[in-house]
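Examination of the molecular architecture
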Amino acid sequence: MQRMGFVIGIAAENIPEYKRLHAEIWPEVAERIKASNITNYSIFLREPENLMFGYWEYVGEDFEADMEAIAADPKTREWWAVCGPMQRPLDSRAEGEWWAGMEQVFYLP
């Protein structure tokens, strides 16, 4: 199992709608995430900086293939088209990233 954290900004005016969407996540999107071996997925919001921290645990064997399956899913792509414009990716993110990956520096089991 791998614990993974990511960060992204969000436009302040979009926070209420983003919260609403995630309170009512489309079932197909949730199912695809679970089918791609992601568990314990959470998103946290920090205001007034308007930063979101995402956390999940990956329990699969082929992370790249599982991420490709998510990216190829039509309903997930539709979800991204709705949520993506609300987000503000960090300028410092790596090439090809939307949410910027984070290094785990501590874990207490």
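Above this text is the structure in question.
For clarity, every value in this text was computed on a predicted model and none was experimentally measured.

1. Brief notes about the pairing of strand β1 (residues 2–10)
When you tally the buried positions in β1, you get 7 out of 9 residues, the bulk of the element. Relative to strand β5 (residues 100–102), β1 runs antiparallel, the two being bridged by 3 bridges. Each bridged residue has a counterpart across the sheet, and for Val 7 the counterpart in β5 is Ala 100.

2. Quick look at helix α4 (residues 74–83)
Turning to α4, its buried residues are Thr 76, Trp 79 and Cys 83. For α4, the angular spread of buried residues about the axis comes to 55°, placing them on one side. Exposed residues pointing more than 90 degrees away from the buried face of α4 are listed as Pro 74 and Ala 81. On the buried face of α4, the contacting elements are α1 (15–23), α2 (27–35), α3 (63–72) and β4 (87–88).

3. Examining the layout of surface pockets
In this model, the largest pocket occupies a volume close to 940 Å³. Taken together, 30 residues make up the lining of the largest pocket; nearest its centre are Ile 33, Tyr 41, Trp 56, Trp 80 and Trp 99. Sorting the residues of the lining of the largest pocket by element identifies α1, α2, β2 (38–46), β3 (51–58), α3 and α4 as the ones contributing at least two each. Among the elements that line the lining of the largest pocket, the one with the most residues is β2, at 6 residues. Across the lining of the largest pocket, the residue classes tally to 19 nonpolar, 9 polar and 2 charged.

4. So, the packing of aromatic side chains
By the definition in use, this model includes 5 aromatic pairs. Ring centres of Trp 26 and Trp 79 lie 5.0 Å apart, and the angle between their planes is 75°; this geometry places the pair in the edge-to-face category. One end of the pair, Trp 26, is in the loop between α1 and α2; the other, Trp 79, is in helix α4, and 53 residues separate them in sequence. Given a relative accessible area of 6%, Trp 79 falls into the buried group. Grouping aromatic residues by their ring pairs yields a cluster made of Phe 6, Tyr 41 and Trp 56. Above the face of the Tyr 107 ring, Arg 3 is positioned so that its terminal group lies 3.3 Å from the ring centre. Over the ring of Trp 26 we find Lys 75, and its NZ or CZ is 5.0 Å from the ring centre.

Basis of the calculations
Residues numbered from 1 in each chain as written. Predicted model: local features only at pLDDT ≥ 70, side-chain atom pairs only at ≥ 80, totals over all residues. Heavy atoms only, no water. Buried < 20%, exposed > 50% of the residue type's maximum accessible area, 1.4 Å probe, protein only. Helix = DSSP H or I, 4+ residues; strand = E, 2+ residues; numbered from the N terminus. Pairing = 2+ DSSP bridges. Arc of directions from axis to C-beta. Contact = heavy atoms within 4.5 Å. 1 Å grid on protein atoms, 1.4 Å probe; cavity = no way out; pocket = protein on both sides within 12 Å on 5 of 7 lines; lining within 4 Å. Points joined across faces, edges and corners; volume = space filled by probe spheres on them. Nonpolar A, V, L, I, M, F, W, Y, C, P; charged D, E, K, R; others polar. Phe/Tyr/Trp six-rings, centres within 6.5 Å; stacked < 30°, edge-to-face > 60°. Lys NZ or Arg CZ within 6 Å of the ring centre and 35° of its normal.

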